[in-house]
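# Remarks on the overall topology
Below, each chain spelled out in residue letters.
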Amino acid sequence: MNRRQVLKAGLAASTVYSPWMIARAQARPVKLAAILPLTGAFAFAGNAALDAFRDATDRINDTGGIGGRRFELVVEDDGYDVARGTAVFNRIVQRESPEELVFVYGNSTGLSKALAPEITRLRLPYTATSFSNELADPNTYPTIFVFGPTYNDMAGALLQQIRRQKGRGAKIFLCYSNSEFGRDPIPFIKEQSARLGFQIVGEEVTPLAIADATPIVTKLRQAQPDFVIMHGYVLTVEPLVVRAAREQGVRATFMGTYYSAELALMQRAGAAADGFIVTYHNAYYYDATVPAVEQIRALRRAKGRDLSYRTTYYMGSWMAMDVIAEAMRRAHAAGKLTRPGMIEALDGLGDYNAGGQVRNMRWVNRRLPFTKLWRANVRDGRFDAITDWVDGSKL
């Protein structure tokens with residue numbers, strides 16, 4: 001064949017096979033992999049998140065998928081174990097096609113930090129249950145997004161409240177878990193406390209769960225702090241400590257970050273939890289004024305599912321899925337439903353209305369720095385907002 005014949009043959013082949021290739025591309029699913037703690041100490045949070053992922057998956061597919069492509073959820077359990085989670089991640093990325101798997105949702109600060117270099121090498125869009133400060137660095141980790149304020153931002157919001165309530169000379173006691181999660185904001189809290197004229201009068205580092213709060217409460221009684229900041233738990237320690245502290249006459253204001261902001265705090269600690277201040281940046285399921293809450297209720301009602309209270313772990317996962325699905329739709333509309341296309345779409349979500357789930361979708365160093373402060377109201381069984389949106393990075 002001469003050159004002209006070769007070109008004609010190639011054109012004919014493309015004409016014949018292009019519709020088939022297009023149909024094949026449309027038939028190919030769009031996948032998100034979720035690595036969750038479905039067993040282990042935090043299984044209650046992981047399974048609540050899975051419930052949200054499944055609801056959001058139904059919502060996406062019931063409305064036509066992603067540009068006509070079916071959305072598929074790939075779920076693996078890591079038991080809140082870094083080694084197990086790493087093995088799970090490796091299995092997923094080796095098994096799944098890069099043309100289909102365009103996003104991974106991971107678990108924990110420890111796992112996310114361990115995976116971050118490989119995620120970056122693979123150019124894989126990623127977020128996690130973690131709000132680690134280290135991950136919110138687009139220069140080092142250009143494909144990782146933190147779907148909320150970092151732990152430093154949360155701590156900053158609590159320090160702002162301490163400044164409002166007490167001012168210079170405020171005495172702070174730190175209680176946190178000996179984990180990547182727990183240690184993450186502690187240097188920031190110490191540095192900023194010194195700058196603001198606060199005193200760190202005590203510090204207790206614990207396992208992720210404890211059976212006896214007596215040693216901690218003994219130190220609290222000796223230190224007599226004005227505020228106790230607890231971080232690095234998912235209600236595995238906070239109720240035990242605050243209940244024992246109140247029984248022993250400790251009058252400090254207790255504070256916690258995002259993973260303390262769940263109704264189970266009051267259910268487990270009872271009256272002792274009253275006044276506990278937390279940071280929380282999503283919507284509570286009982287807030288019927290938030291459009292996203294009604295969307296969830298409408299979907300669950302239509303599916304015949306339980307309409308009772310959904311936890312904060314559910315709400316945060318729903319928010320992430322809602323935003324990721326919107327990025328997928330935008331990437332598809334631009335003809336770029338690929339991993340690089342997802343990064344571009346996520347970066348451009350500043351105009352997206354997330355239905356009251358977050359203040360806005362304008363990233364600052366790949367995180368959303370705004371949160372609100374809430375106070376536990378045991379009588380009404382809810383958290384009441386005590387601030388509007390607060391930028392925790394402004395101290």
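Attention in this report is confined to the structure presented alongside it. (Residues numbered from 1 in each chain as written. Predicted model: local features only at pLDDT ≥ 70, side-chain atom pairs only at ≥ 80, totals over all residues. Heavy atoms only, no water.)

## So, the sheet that holds strand β3 (residues 101–106)
A sheet is described by the order of its strands in space; here 4 strands give the open sequence β2-β1-β3-β4, paired in parallel fashion. For this open sheet the edge positions go to β2 (71–77) and β4 (126–128), each flanked by a neighbour on one side alone. Between one strand axis and the next, the sheet turns through 20° on average, direction left out of account. Bridge analysis of strand β1 (residues 30–36) against β2 gives 7 bridges, and the strand direction is parallel. Bridge pairing in β2 places L32 opposite L73. (Pairing = 2+ DSSP bridges. Helix = DSSP H or I, 4+ residues; strand = E, 2+ residues; numbered from the N terminus. Axes fitted to C-alpha atoms, helices over the stretch in contact; angles between N-to-C directions.)

## Some thoughts on the nonpolar core
Ranked by internal contacts, the top residues of the largest apolar core, which has 112 residues, are L32, F147 and M328. Residue contributions to this core peak at 13 residues, all from helix α12 (residues 312–333). If we ignore the near neighbours within four places in the chain, the residues touching F147 are F103, T127, F131, H281, M319, A320, V323, I324, L346, W363 and L368. Grouped together as the second largest cluster of nonpolar side chains are 20 residues, L159, F227, M255 and V390 included. (Core = buried A, V, L, I, M, F, W, Y, C linked by side-chain atoms within 4.5 Å. Buried < 20%, exposed > 50% of the residue type's maximum accessible area, 1.4 Å probe, protein only. Contact = heavy atoms within 4.5 Å.)

## Thoughts on the pattern of salt bridges
Counting across every chain of the model gives 31 salt bridges. Where R95 meets E76, a salt bridge forms, and the shortest distance between an N and an O atom there is 3.5 Å. You can see R95 sitting in helix α3 (residues 82–95) and its partner E76 sitting in strand β2, a full 19 residues away along the chain. The class for E76 is buried, based on a relative accessible area of 16%. When the shortest N-O distance is used, the salt bridge between D77 and R84 registers 3.0 Å. (Salt bridge = Lys/Arg side-chain N within 4 Å of Asp/Glu carboxyl O.)

## Here we look at the pairing of strand β11 (residues 382–385)
As judged from the 4 bridges shared by strand β10 (residues 370–377) and β11, these two strands associate in the antiparallel manner. Bridge assignment links R375 to a residue of β11, and that residue is D384.

## What to know about unusual backbone geometry
One non-glycine residue, L235, adopts positive backbone phi at about 60°. Tracing the sequence through the fold places L235 in the loop between β7 (227–231) and α9 (238–247). Of the residues examined, L235 reaches a relative accessible area of 3% and is grouped as buried. Of note in the backbone geometry, N365 takes a positive phi value of approximately 50° without being a glycine. Within the fold, N365 resides in the loop between α13 (339–347) and β10.

## Quick word on the packing of helix α2 (residues 43–62) against helix α11 (residues 291–302)
As a packed pair, α2 and α11 sit with axes 11 Å apart at the nearest point and diverge in direction by 80°. Of the possible angle classes, the one that applies to α2 and α11 is roughly perpendicular. Between α2, through D51, D55, D58 and R59, and α11, the contact on the second element is made entirely by Q295, L299 and R300. Residues of the contact of α2 with α11, tallied by class, amount to 1 nonpolar, 1 polar and 5 charged. (Parallel < 35°, antiparallel > 145°, perpendicular 65-115°, else oblique. Nonpolar A, V, L, I, M, F, W, Y, C, P; charged D, E, K, R; others polar.)

## Some points on helix α5 (residues 151–165)
The end-to-end C-alpha separation of α5 is 21 Å, in line with the 21 Å expected for 15 residues at 1.5 Å each. The buried fraction of α5 amounts to 12 of the 15 residues, a majority that puts the element mostly inside the structure. Residues Y151, N152, D153, M154, A155, G156, A157, L158, L159, Q160, Q161 and I162 constitute the buried set of α5. Among the residues trailing α5, G167 stands out with phi positive, at a value near 80°. (Expected span 1.5 Å × (residues − 1).)

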